[in-house]
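Here is how the chains run, residue by residue.
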Amino acid sequence: MIAFASNSLLCRVALKQTSIDAATFTFVRIFCGAAALWLIMKMRRGMIPSPESSPKGRGSSFSLGEKVGIKGAGNWISALALFVYAAAFSFAYLDLSAGTGALLLFGAVQATMILWGLHKGERLDAIQIVGFLVAVTGLVVLVFPGLSAPPLIGSILMLGAGVAWGIYSLRGKREKNPASVTAGNFARAVPFAAAVSIIFVPWAHVGLAGVSYAIISGAITSGLGYVIWYSALPGLKAASAATVQLSVPVLAAAGGILLLGEPLTLRYLLASIAILGGIALVVLEKNRAL
């Protein structure tokens, strides 16, 4: 969640304070994520071969014992969901305020993951319901003061980004090789991002600061962050995974306070307690029931 919050801050700063356009930012972000993961997998393959692999086929993933290389990892559906999330997120923040965007994004994530979990037979007990409601209330308290009538196109894009991220997370629950899968998905998403970048060439703006933010966002807070997220997903119910992501706006706000000089307010402190407390109720109750 810290990586996701950092990614939000990088995207917000790049698109608001530098000259880079959304399409170029998205392409650089996805391309650098794919390149960084490919390089790490190549290094791990050379340094720590899998003991289960034959002399003709060394292990080629981030984790010891994974045998799936980047060429055979991931799938086009997850890659498309990854691209839709990244592109819609970038373009939406050209029009939306940070508070409106966070509320729309994570509201869509919640709806997608929890509705799917209920469809598959997952149920929330009374304590988890209370925890979820407390967390949602905290999120609303945190972002509501900045809300205004949001632009229709930006709202649709951010809702689409939330649904896409929910789908990407749900599909990750069944993956056993998170590093290989994430690298494969990023590699498959590059052509989608390149196509959009080409379409928007007449409106392209490239600056050193914006590209630098995009590189960090792609290689570190996106690529490596998603590997960690995929690794954690198998141990979470869909509802728990959705609720945990509510912490991202709080962490992003903390980053804004520490890095961007935004003021520390009582409202932020109370909202943080509500969101993190609600998450704790959902996750701890889930673990207690196992």
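Model, not experiment: these values are computed from the prediction.

## Some details on the overall build of the chain
At step 1: The secondary structure content of the chain amounts to 11 helices and 0 strands.
At step 2: In the chain, the succession of α and β elements from N to C terminus is α-α-α-α-α-α-α-α-α-α-α.
At step 3: The 290 residues of the chain split such that 51% are buried.
At step 4: Considering only intrachain contacts with a sequence separation of at least 6, the fraction spanning at least 24 residues in the chain is 86%.
At step 5: As displayed, the chain has an accessible area near 13,500 Å², and 72% of this comes from carbon and sulfur atoms.

## A look at the packing of helix 6 (residues 152-172) against helix 8 (residues 208-232)
At step 1: Following both chains from N to C, one finds helix 6 and helix 8 inclined at 55 degrees, their axes separated by 8 Å at the closest point. Judged by the angle between their axes, helix 6 and helix 8 are oblique. The handedness of the crossing between helix 6 and helix 8 comes out as right-handed. Across the interface between the two elements, W165, Y168, S169, R171 and G172 of helix 6 pack against Y226, W229 and Y230 of helix 8.

## Side note on the side chain of N185
At step 1: By the secondary structure assignment, N185 is in helix 7 (residues 178-199).
At step 2: A relative accessible area of 0% means that N185 is categorised as buried.
At step 3: Only 3.0 Å separates the side chain of N185 from the backbone nitrogen of N75, close enough to count as a polar contact.
At step 4: In contact with N185, not counting residues within four places along its chain, are G74, N75, S78, A79, L82, Y168 and Y230.

## Some thoughts on the environment of T26
At step 1: When you line up the elements, T26 lands in helix 2 (residues 22-47).
At step 2: When its relative accessible area of 2% is taken as the criterion, T26 is described as buried.
At step 3: A C-alpha to C-alpha distance of 9.5 Å links T26 and V190, two positions 164 residues apart in sequence.
At step 4: The residues contacting T26, other than those within four sequence positions of it, are A86, A87, S90 and A193.

## Observations concerning the environment of G162
At step 1: Its location among the elements puts G162 in helix 6.
At step 2: Note on G162: relative accessible area 0%, which makes it buried.
At step 3: Along the backbone, G162 and G107 are 55 residues apart, and their C-alpha atoms lie at a distance of 7.4 Å.
At step 4: When near neighbours in sequence (up to four residues on either side) are disregarded, G162 contacts L105, A108, V109 and T112.

Thresholds applied
- Residues numbered from 1 in each chain as written.
- Predicted model: local features only at pLDDT ≥ 70, side-chain atom pairs only at ≥ 80, totals over all residues.
- Heavy atoms only, no water.
- Helix = DSSP H or I, 4+ residues; strand = E, 2+ residues; numbered from the N terminus.
- Buried < 20%, exposed > 50% of the residue type's maximum accessible area, 1.4 Å probe, protein only.
- Contact = heavy atoms within 4.5 Å.
- Areas by Shrake-Rupley, 256 points an atom, 1.4 Å probe, with all protein chains shown as cover.
- Axes fitted to C-alpha atoms, helices over the stretch in contact; angles between N-to-C directions.
- Parallel < 35°, antiparallel > 145°, perpendicular 65-115°, else oblique.
- Left-handed = near helix turned anticlockwise from the far one by under 90°.
- Polar contact = N/O pair within 3.5 Å; in protein donor to acceptor, adjacent residues only side chain to side chain.

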